[in-house]
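For reference, the chains in residue letters:
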Amino acid sequence: MSEVRKLDVAAAATLRHPDELIARGLAATQDRVVLEDVAARYAIALTPAVVALIDPTDPHDPIARQYVPRAEELDALPIERADPIGDAAHSPVEGIVHRHRDRVLFKPVHVCAVYCRFCFRRESVGPGKDNALSTEATTKALDYIRTHPEIWEVIFTGGDPLMLSPRRLADIMAALGSIDHVKIIRFHTRLPVADPERITPALVRALTVPRKTVWMALHANHPRELSEAARAACARIIDAGIPMVSQSVLLSGVNDDVDTLEALMRGFVECRIKPYYLHHGDLAPGTAHLRTTLEAGQALLRELRGRVSGLCQPHYVLDIPGGYGKAPVGPNYLFTGDGSDSKSRYRVADYCGDLHAYPPPGA
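Criteria and cut-off values
Residues numbered from 1 in each chain as written. Predicted model: local features only at pLDDT ≥ 70, side-chain atom pairs only at ≥ 80, totals over all residues. Heavy atoms only, no water. Helix = DSSP H or I, 4+ residues; strand = E, 2+ residues; numbered from the N terminus. Rg over C-alpha atoms; globule rule 2.2 N^0.38 Å. Buried < 20%, exposed > 50% of the residue type's maximum accessible area, 1.4 Å probe, protein only. Contact = heavy atoms within 4.5 Å. Areas by Shrake-Rupley, 256 points an atom, 1.4 Å probe, with all protein chains shown as cover. Axes fitted to C-alpha atoms, helices over the stretch in contact; angles between N-to-C directions. Parallel < 35°, antiparallel > 145°, perpendicular 65-115°, else oblique. Left-handed = near helix turned anticlockwise from the far one by under 90°. Nonpolar A, V, L, I, M, F, W, Y, C, P; charged D, E, K, R; others polar. Lys, Arg positive; Asp, Glu negative; His and termini not counted. Salt bridge = Lys/Arg side-chain N within 4 Å of Asp/Glu carboxyl O. Polar contact = N/O pair within 3.5 Å; in protein donor to acceptor, adjacent residues only side chain to side chain.

Asks: Which residues make up the overall build of the protein, and what are the values?
Replies: Each helix and strand counted, the protein has eleven helices and twelve strands in total. A compact globule built from 363 residues would reach a C-alpha radius of gyration of about 21 Å, and the protein, at 22 Å, matches this within 12%. Within the span of the protein, comprising 363 residues, buried residues form 49% of the whole. The long-range fraction of contacts in the protein, counting pairs at least 24 apart against all pairs at least 6 apart in sequence, stands at 74%. Accessible surface, the protein as shown: approximately 16,700 Å² in total, 53% of it carbon and sulfur.

Okay, structure coming up:
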């Protein structure tokens, strides 16, 4: 499907129940019972903007695969974990994850506009969970940041932090603005894709505070998600002086081919968004059908390097299970020499895969 389907988003509502998905042609009637079982465990939400991106006639639609629940989600493997990246082990107070010395994750809200079927926090977000930090918990989280001078960067995550009202965001930003040692504030969000009309001038104004540098990371996994409305929403953010980077997840049946990855990364750069992370799928429960192998990811990144400039190159990373942080897992291009020339200590692979001695023989 080359263009977004026309949809009266003003009159439409977010789809949250299997019956609503069936009525819109996004799920089969015979799957109702099993999808109700999935919905009882994991949140469902497809906004009108996301529904408009889906081709219901395509059983392999890459947008639907990200958001529409499937029976496979009930098949958890022994290697999968409720907290696959180990946030809990590094949470000194509610709402804060302090894994790395100079930065913290700040999770003020536990809801999203949409719920991805591969979410690594799927056990802790959505209806039936705490929607947001209480006032007391927010105060304690901000106090933790205030009393740890090593914290240089605060990274808003969640849930989707842009689900907070502009007033609430402005209050939190003002509090962070009063902390001298915090220099960088970063937001991770899906909202410009999931509900671009919510990126209002009031929301954008709430994201900035004097004497702090604010960044935003946009989560998108397929070039079709960079709709005209999403691009306009990102432009409103960037034009306000907030630089943007991207984060994507490598997903089977969504973007695990080089043509799609190329189009996605080029799309980001065209939107003035620097590709940043391409995540290997986390070991979240019921997500095996969406994970690729590391070898497949490395092969894709190797092929991508020969097709696009450095502006379009993301970092392929794996969050090590257990809370040990991200590690780069992209392809290797540097090898030790083969001994044929004592002056050539290394062999370096070019974008075609050919190996070259370095320093060159005779140099």
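Asks: Which residues make up the packing of helix α10 (residues 258–270) against helix α11 (residues 294–305), and what are the values?
Replies: With their axes 10 Å apart at the nearest point, α10 and α11 run at an angle of 60 degrees to one another. Relative to α11, α10 is oriented oblique. Note on packing geometry: the crossing formed by α10 with α11 is right-handed. From α10, Val258, Leu261, Glu262 and Met265 reach across to α11, where they touch Leu300, Glu303 and Leu304. The residue makeup of the contact of α10 with α11, split by class, is five nonpolar, no polar and two charged.

Asks: Explain the side chain of Arg65 residue by residue, including any values.
Replies: For Arg65, the location among the structural elements is in helix α4 (residues 62–67). There is no salt bridge for the buried Arg65, and the closest opposite charge comes from Glu72, which lies 5.8 Å off by N-O distance. One polar contact links the side chain of Arg65 to the main-chain carbonyl oxygen of Ser252, over a distance of 2.7 Å. Sequence-distant contacts of Arg65, defined by excluding residues within four places in its chain, comprise Arg70, Arg117, Ser252, Gly253, Val254, His289 and Leu290.

Asks: Give me the lowdown on the side chain of Glu80, citing residues and values where you can.
Replies: Mapped onto the elements of the fold, Glu80 is located in the loop between α4 and β1 (96–100). Looking at Glu80, the relative accessible area reads 9%, which means it is buried. For Glu80, the side chain forms a polar contact with the side chain of Arg291, separated by 3.1 Å. Setting aside residues no more than four positions away along its own chain, Glu80 makes contact with Asp75, Leu283, Ala284, Pro285, Gly286, Thr287, Ala288 and Arg291.

The values are spatial; any link to function lies outside them.
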